[in-house]
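Results of the structural survey
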Amino acid sequence: IHFYKRVVLFIMGNKSSKGALSKEDLDFLMRNTSNSAEEIQEWHKGFLKDCPSGELTKDQFVAMYNKMFPSGNADKFSENVFRTFDTNRSSTIDFREFMLALHVTSSGTPEEKLTWAFRMYDVDGSGSIDFNEMKRIVSAVYEMIGAYGDLNKAHELFSKMDQNSDGFVSQEEFIAIIKQDKSLLNILQGKA
């Protein structure tokens, strides 16, 4: 199972009925995900069971990733995934953020998934990825799966993506190159 789906399965656990989802959130999520009202309400019940406060903290998120990848160290990678899910920078993931991230990572178009991946690699949110950001995430992916990759993987990936050799990878470069060369996706996922 792809690791994002593992997070979802782990978070959701057993579902029970608690609280109510606001009409505003329900309408928003119906417009922005492929889920029905009933599906969203079921996800909400499960989310509240595991996160009674209605928010998932970074510590909870990191702990879940570490349980899913016991042979590696998921701390650094999961912190970057958390940062990408926490779109309002509140230091927690609320239900709306959770459902939007779930939609993109499991049901989104290839373009949406690559845009999401770009945001994870763009650690400082500058709109471009420099080599240090690339090295940080590639290293975190390899640490998470317990297969410590060498610096050459980050160099290879960065040099292929930085098409204009300006020392930065733009979102356009990132998406275009990954679409052209699927083998680079393996490096991004720690499979090469």
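Residues numbered from 1 in each chain as written. Predicted model: local features only at pLDDT ≥ 70, side-chain atom pairs only at ≥ 80, totals over all residues. Heavy atoms only, no water.

1. Examining the confidence of the model for the chain
We apply this condition: Scored from 0 to 100, pLDDT records how confident the predictor is in each individual residue. Contact criterion: two residues are considered in contact whenever any of their non-hydrogen atoms come within 4.5 Å of each other.
Confidence along the chain averages 84 in pLDDT terms, with 84% of residues attaining 70 or more. Confidence drops under pLDDT 50 across residues 1–18; counting only partners more than four residues distant or on other chains, this segment forms 48 contacts.

2. Observations concerning helix H9 (residues 151–161)
Definition in use: Burial status follows relative accessibility: with a 1.4 Å probe on protein chains alone, a residue under 20% of its type maximum counts as buried, one over 50% as exposed, and anything between as partly exposed. Comment: elements are numbered from the N terminus, with helices defined as DSSP H or I runs of at least four residues and strands as E runs of at least two. What the arc measures is the spread of directions leading from the helix axis to the C-beta atoms.
Looking only at H9, the buried set comprises Ala154, Leu157, Phe158 and Met161. Buried positions in H9, seen along its axis, are confined to an arc of 95° and lie on one side of it. Along H9, the residues that are exposed and aim more than 90 degrees away from the buried face are Asn152 and Ser159.

3. Topic: the packing of aromatic side chains
To keep things clear, this is the line we draw: Each Phe, Tyr or Trp ring (for Trp, its six-membered ring) is paired with any other whose centre lies within 6.5 Å, and the angle between the two planes then decides the class: stacked below 30 degrees, edge-to-face above 60, tilted in between.
In the structure shown here, the tally under the stated rule is twelve aromatic pairs. Seen in terms of ring centroids, Tyr65 and Phe69 are 6.2 Å apart; in terms of plane orientation they differ by 20°. Their pairing is stacked. For the pair Tyr65 and Phe69, a shared accessibility class is recorded, and that class is buried. Ring geometry for Tyr65 and Phe77: centres 6.1 Å apart, planes at 55°, overall tilted.

4. A few points about the packing of helix H7 (residues 110–121) against helix H10 (residues 171–180)
Note the threshold: Helix axes are fitted only over the stretch in contact, all axes being lines through C-alpha atoms; the angle between N-to-C directions runs from 0 to 180 degrees. What sets the label is the angle itself: under 35 degrees gives roughly parallel, over 145 gives roughly antiparallel, 65 to 115 gives roughly perpendicular, and the rest give oblique. Should the near helix be turned anticlockwise from the far one by less than a right angle, the crossing is termed left-handed; should it be turned clockwise, right-handed. Residues were grouped as follows: Ala, Val, Leu, Ile, Met, Phe, Trp, Tyr, Cys and Pro as nonpolar; Asp, Glu, Lys and Arg as charged; and all remaining residues, including Gly, as polar.
As a packed pair, H7 and H10 sit with axes 10 Å apart at the nearest point and diverge in direction by 125°. Classified by the angle their axes make, H7 and H10 are oblique. The chirality of how H7 crosses H10 is right-handed. When H7 is examined against H10, the residues Glu111, Leu114, Thr115, Ala117, Phe118 and Tyr121 are found in contact with a partner set consisting of Gln171, Phe174, Ile175, Ile178 and Lys179. Here the contact of H7 with H10 is composed, by residue class, of seven nonpolar, two polar and two charged.

5. Quick notes on the nonpolar core
Nonpolar side chains in soluble globular proteins tend to end up buried together. Applied cut-off: The definition of a nonpolar core used throughout is a set of buried Ala, Val, Leu, Ile, Met, Phe, Trp, Tyr and Cys residues joined through side-chain atoms within 4.5 Å.
Phe61, Tyr65, Phe95, Tyr121, Met134 and Phe174 are the most contacted members of the largest nonpolar core, which has 52 residues in total. Counting residues per element, this core draws most heavily on helix H8 (residues 131–144), which supplies seven residues.

6. Quick look at the pattern of salt bridges
Basically, it comes down to this: A carboxyl oxygen of Asp or Glu within 4 Å of a side-chain nitrogen of Lys or Arg is what we treat as a salt bridge.
Under the defined criterion, the tally for this structure stands at seven salt bridges. Lys45 serves as the salt-bridge partner of Glu42, at 3.2 Å between the closest nitrogen and oxygen. Separated by three residues within a single helix, Glu42 and Lys45 lie in helix H3 (residues 37–50), roughly one turn from each other. Lys45 gets classed as partly exposed once you look at its relative accessible area, which sits at 27%. Across the pair Lys160 and Glu156 runs a salt bridge, and its minimum N-O distance is 3.4 Å. Taken together, the positions of Lys160 and Glu156, both in helix H9 and four residues apart, correspond to about one turn of that helix. Given a relative accessible area of 37%, Lys160 falls into the partly exposed group. The class for Glu156 is partly exposed, based on a relative accessible area of 31%.

7. Let's talk about unusual backbone geometry
At Arg89, a position not held by glycine, the phi torsion is positive, near 55°. Phi angles above zero are rare outside glycine, and Ser165 is one such case at about 55°. Here Ser165 lies in the loop between H9 and strand E4 (169–170). Taking relative accessible area as the criterion, Ser165 reaches 62% and is therefore assigned exposed.

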